[in-house]
Amino acid sequence: MSKMNELMARGTELLGSDYAILCGAMSWVSERHLVSAISNAGGFGVIACGAMTPALLDTEIAATKALATKPFGVNLITMHPQLFELIEVCAKHGVGHVVLAGGLPPKGSLEAIKASGAKVICFAPTLAMGKKLVRSGVDALVIEGMEAGGHIGPVSTSVLAQEILPTLADEVPVFVAGGIGRGEAIAAYLEMGASGVQLGTRFVCATESIAHPNFKKAFMRASAREAVASVQIDPRLPVIPVRALKNAGTEAFNAKQREVANKLDKGEVDMMEAQLEIEHYWAGALRRAVIDGDIENGSLMAGQSVGMVSEEESVADIIATLVQQADAALHARG
Ligand SMILES: Cc1cc2nc3c(=O)[nH]c(=O)nc-3n(C[C@H](O)[C@H](O)[C@H](O)COP(=O)(O)O)c2cc1C
């Protein structure tokens, strides 16, 4: 067994994959083709449920099962109004791993997932929250730094890793996400105690990814500094920042925030509705870019590791490269 496999052992055991390399769920991108390709290549694919209805998720899981020969997971957003129906859909299909994203799991959700026999993986934004999640029985944690693409927290991956791994890596497997583009970084986080890693941006331009050719081209052209976090326009309207490539859509998002803040002022919506409207905006904008290829007005969610994406390659090649780099780095250190 290579040193890398040894360090990943708890992760691969939990996931049932060859490598503890997850492809994080990416709305519109992480559908049946990419998810099955990742799992079949030895990684761990995760379906992005996003705003899907239970019926749509049902179809997507069935289609993924038809293509996948290895286990894969499903990512559910905690604020989805039909979260419990979605959990039932996963249970019906015997999905082995549910990843809960977007905030603290609502009451009863962890129990419902575990009752189906599935493992629960949650995001820990802080050490305190991570401890709380471990106490409530989660099977594994993901810690995701602000280098990542999509919705992000305020702390970098390197700092989160130092804050959380020394305390929680012995309790449950922890997967590190955000800003990973090469295997040397995977090796480093494994050495710090992580049981595996999660990448998103690096897999967007995979041959098997259905992202529009324009979307992929934008990724291949971009450098790290072009993947910027959105800014909050109105202090009363807390908007979770989103990291994306800068384009006309960036400005449109600021205009959208002003529009929603005005509605909030006039009492036309409450805070919950205002935040949901913002989230719907993102989902729509991402779809426009990923599916329709409108890379000017749509949202080009991308992490800083986008600078390390330079060509379209098969998932198997991407994983082989990451594994080779990680192995070589660990070997060189003796
Ligand atoms: C285009 C895009 C869409 C994403 N959508 C989601 C999502 O729907 N749910 C989620 O939990 N994370 C989402 N993410 C985050 C990824 O799952 C993953 O954690 C992140 O990309 C890891 O950081 P990296 O981009 O630096 O590799 C998205 C990321 C990207 C790039």
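Residues numbered from 1 in each chain as written. Predicted model: local features only at pLDDT ≥ 70, side-chain atom pairs only at ≥ 80, totals over all residues.

### Quick look at the packing of helix α7 (residues 127-135) against helix α8 (residues 157-168)
Right, so step 1: Put simply, α7 and α8 touch, their axes get as near as 10 Å, and they point 30 degrees apart. In terms of their interaxial angle, α7 and α8 are classed as roughly parallel. Crossing geometry of α7 relative to α8 is assigned as right-handed. Taking contact as the criterion, the partners of Leu127, Gly130, Lys131 and Val134 in α7 are, on α8, Glu163, Ile164, Thr167 and Leu168.
Right, so step 2: Broken down by class, the residue content of the contact of α7 with α8 amounts to four nonpolar, two polar and two charged. (Axes fitted to C-alpha atoms, helices over the stretch in contact; angles between N-to-C directions. Helix = DSSP H or I, 4+ residues; strand = E, 2+ residues; numbered from the N terminus. Parallel < 35°, antiparallel > 145°, perpendicular 65-115°, else oblique. Left-handed = near helix turned anticlockwise from the far one by under 90°. Contact = placed C-beta atoms within 7 Å. Nonpolar A, V, L, I, M, F, W, Y, C, P; charged D, E, K, R; others polar.)

### Comments concerning the domain arrangement of the chain
Right, so step 1: With domains assigned, the chain is organised as domain 1 (3-210 + 308-332) and domain 2 (222-304).
Right, so step 2: Here domain 1 and domain 2 have C-alpha centroids that lie 24 Å from each other.
Right, so step 3: Opposite the 16 residues of domain 1 that make contact, domain 2 presents 15 residues. (Domains from an automatic or database assignment.)

### Let's talk about helix α11 (residues 213-221)
Right, so step 1: By the burial criterion, the buried members of α11 are Phe215, Lys216, Ala218 and Phe219. The buried residues of α11 all sit within an arc of 155 degrees when viewed along its axis, so they share a single face. Set apart from the buried face of α11 by more than 90 degrees, the exposed residues are Pro213 and Arg221.
Right, so step 2: Its buried side turned inward, α11 meets α10 (201-204), β11 (242-245), α13 (271-290) and β12 (300-301). (Buried ≥ 20, exposed ≤ 12 C-beta atoms within 10 Å, placed from the backbone. Arc of directions from axis to C-beta.)

### A few points about the site of the ligand
Right, so step 1: Lining the immediate environment of the ligand, one finds 27 residues, of which Gly24, Gly149, Gly150, Gly200 and Gly303 sit closest.
Right, so step 2: Elements with a contribution of two residues or more to the shell around the ligand: β9 (196-199) and α10.
Right, so step 3: Residues of the shell around the ligand, tallied by class, amount to 11 nonpolar, 13 polar and three charged.
Right, so step 4: The residues that make up the shell around the ligand include at least three from each of domain 1 (3-210 + 308-332) and domain 2 (222-304). (Near = placed C-beta within 6 Å.)

### Quick look at the pairing of strand β3 (residues 73-77)
Right, so step 1: The element β3 is largely enclosed, with a buried count of five among its five residues.
Right, so step 2: What you see with β3 is no split at all: Gly73, Asn75 and Ile77 on one side and Val74 and Leu76 on the other are buried throughout.
Right, so step 3: The pairing of strand β2 (residues 44-48) with β3 spans three bridges and is parallel. Counted as the bridge partner of Val46 is Gly73 from β3.
Right, so step 4: For the crossover from β2 across helix α4 (residues 54-67) to β3, the handedness is right-handed. (Pairing = 2+ DSSP bridges. Right-handed = clockwise from strand over helix to strand, strands pointing away.)

### Comments concerning the nonpolar core
Right, so step 1: Residues Val46, Val98, Leu141, Ile143, Val174, Phe175 and Val197 are the most contacted members of the largest nonpolar core, which totals 106 residues.
Right, so step 2: No other element matches the eight residues that helix α14 (residues 315-332) contributes to this core.
Right, so step 3: Domain assignment of the residues forming this core places at least three in each of domain 1 (3-210 + 308-332) and domain 2 (222-304).
Right, so step 4: Residues in contact with Val174, not counting those within four places in the same chain, are Ala140, Leu141, Ile143, Ile164, Leu165, Leu168, Ala169, Ala194 and Ser195. (Core = buried A, V, L, I, M, F, W, Y, C linked by C-beta atoms within 7 Å.)

### Focus: α4
Because each turn of an α-helix spans 3.6 residues, side chains separated by three or four positions end up pointing in the same direction.
Right, so step 1: Taking 1.5 Å per residue as the helical rise, α4 with its 14 residues ought to reach 20 Å, and the 20 Å between its terminal C-alpha atoms agrees with that figure.
Right, so step 2: Within α4, the full set of buried residues consists of Leu57, Glu60, Ile61 and Thr64. Down the axis of α4, the smallest arc covering the buried residues is 100 degrees, so these residues share one side. Those residues of α4 that are exposed and angled more than 90 degrees off the buried face are Ala55 and Ala66.
Right, so step 3: On its buried side, α4 packs onto α3 (32-40), β2, β3 and α5 (83-92). (Expected span 1.5 Å × (residues − 1).)

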